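What follows is each chain in one-letter form.
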Amino acid sequence: MDPVPQTRPRTQPALRRAPVQQRSAERLARILDACAVLLDETGYEQLSTRAVAARAGVPIGSVYRFFGNKRAMVAALAHRNLDRYAERVSDRLADAPILDAHGAIDSVLDEFIEMKRTVPGFALVDFGVPAAAPGEAAADGPGEAPAEAAAEDPNRLVAERICALLATHLGRSADEDLHRKVLVGVETADALVRLAFRADPAGDPALVAETRCLLYAYLAPSLS
């Protein structure tokens, strides 16, 4: 069987300047780490590039070197979250090579819930940026309008990555039908997991169990 390569998001975060040296890449990582922590502490509306710079221990100019405004910064964090999620799901699948369709679904759902519980900022910003408030870009700094972040469909990007991973692991084609099934599963799981975390900060176990049963019934036949 020829493996299906992991797909990458069709759009990448629009950095003003991509890091080319290790020192610059490390500074970018510190900025995104600080952004994630502050999202948990203040929420998105109160987040500011100046606060992120202070928490990261970098000059404010370093933030604007990479991002025009906080929305672009949070969009980059969401892309990093997706990359890390795909890597973790891939590791789960690789660690259990005899998984059946239900086990593969468990790997995808359990990693999403684990990241909701443990990864800074992920509970608020997983793979997409919150809706923009009126005048947000103008208030936050001298950056560009946040159109590039708003144009993305995060769940389609997630479904694309998951579809390729599941198809590779289960030895089936990542065809149009599977893409559609996985997209519906992602949209459904996203809504239900959000409901579970509104009911309980750790994710209501009963609602998570219902989500799992629904995904089994809907997706497993297409993965067999």
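Residues numbered from 1 in each chain as written. Predicted model: local features only at pLDDT ≥ 70, side-chain atom pairs only at ≥ 80, totals over all residues. Heavy atoms only, no water.

J.: Can you break down the pattern of salt bridges residue by residue, with the values?
T.: For the structure on display, the rule yields 13 salt bridges. In this structure, Asp 33 and Arg 80 form a salt bridge, with 2.8 Å as the shortest nitrogen-oxygen distance. Remark: Arg 80 occurs in helix 4 (residues 70-95) and Asp 33 occurs in helix 1 (residues 22-42); sequence separation between them is 47 residues. Looking at Arg 80, the relative accessible area reads 14%, which means it is buried. (Salt bridge = Lys/Arg side-chain N within 4 Å of Asp/Glu carboxyl O. Helix = DSSP H or I, 4+ residues; strand = E, 2+ residues; numbered from the N terminus. Buried < 20%, exposed > 50% of the residue type's maximum accessible area, 1.4 Å probe, protein only.)

J.: Please provide a residue-by-residue account of the confidence of the model for the protein, values included.
T.: Interpretation of this model should avoid reading the predicted coordinates in detail wherever pLDDT is low. Within the protein, residue pLDDT values average 88, and 85% of them lie at 70 or more. Across residues 1-11, where pLDDT falls below 50, the model places 26 contacts with residues more than four positions away in sequence or in other chains. Across residues 145-150, confidence stays below pLDDT 50; counting only partners more than four residues off in sequence or on other chains, it has 10 contacts. (pLDDT = per-residue confidence, 0-100. Contact = heavy atoms within 4.5 Å.)

J.: I'd like a description of the packing of helix 1 against helix 2 (residues 49-56), backed by residues and values.
T.: For the pair helix 1 and helix 2, the least separation of the axes is 8 Å and the interaxial angle reads 115 degrees. Read as a crossing pair, helix 1 and helix 2 show a hand that is right-handed. Residues Arg 30, Ile 31, Ala 34, Cys 35, Val 37, Leu 38 and Glu 41 of helix 1 form the contact with helix 2, whose own contacting residues are Ala 51, Val 52, Arg 55 and Ala 56. Across the contact of helix 1 with helix 2, the residue classes tally to eight nonpolar, no polar and three charged. (Axes fitted to C-alpha atoms, helices over the stretch in contact; angles between N-to-C directions. Left-handed = near helix turned anticlockwise from the far one by under 90°. Nonpolar A, V, L, I, M, F, W, Y, C, P; charged D, E, K, R; others polar.)

J.: So what's going on with the packing of aromatic side chains? Residues and values would help.
T.: The geometry of an aromatic ring pair is captured by the separation of the ring centres together with the interplanar angle, meaning the angle of the planes. With the rule as written, the count across this model stands at six aromatic pairs. Seen in terms of ring centroids, Tyr 85 and Phe 112 are 6.2 Å apart; in terms of plane orientation they differ by 70 degrees. Their pairing is edge-to-face. Placement of Tyr 85 in helix 4 and of Phe 112 in helix 5 (residues 101-118) is noted, with a sequence separation of 27 residues between them. Residue class for Phe 112 comes out buried when judged on its relative accessible area of 8%. Ring centres of Phe 112 and Phe 122 lie 6.0 Å apart, and the angle between their planes is 75 degrees; this geometry places the pair in the edge-to-face category. In this pair, Phe 112 sits in helix 5 while Phe 122 sits in the loop between helix 5 and helix 6 (136-140), placing the two residues 10 residues apart along the sequence. Judged on exposure class, the residue Phe 112 and its partner Phe 122 are both buried. (Phe/Tyr/Trp six-rings, centres within 6.5 Å; stacked < 30°, edge-to-face > 60°.)

J.: For the side chain of Arg 71, give the residues involved together with the corresponding values.
T.: Within the secondary structure, Arg 71 is located in helix 4. For Arg 71, a relative accessible area of 4% corresponds to the buried category. A polar side-chain atom of Arg 71 sits 2.5 Å from the main-chain carbonyl oxygen of Pro 130. (Polar contact = N/O pair within 3.5 Å; in protein donor to acceptor, adjacent residues only side chain to side chain.)

J.: Outline the nonpolar core, listing residues and values.
T.: Core analysis: the largest hydrophobic core is formed by 38 residues, its most contacted members being Tyr 85, Ile 105, Phe 127, Val 158, Ile 162, Val 182 and Leu 223. The set of elements that each furnish at least two residues to this core consists of helix 4, helix 5, helix 8 (154-170), helix 9 (176-199) and helix 10 (205-223). If we ignore the near neighbours within four places in the chain, the residues touching Ile 162 are Tyr 85, Val 108, Val 182 and Val 186. Residues Tyr 44, Val 52, Ala 56 and Val 125 belong to the second largest nonpolar core, which totals 24 residues. (Core = buried A, V, L, I, M, F, W, Y, C linked by side-chain atoms within 4.5 Å.)

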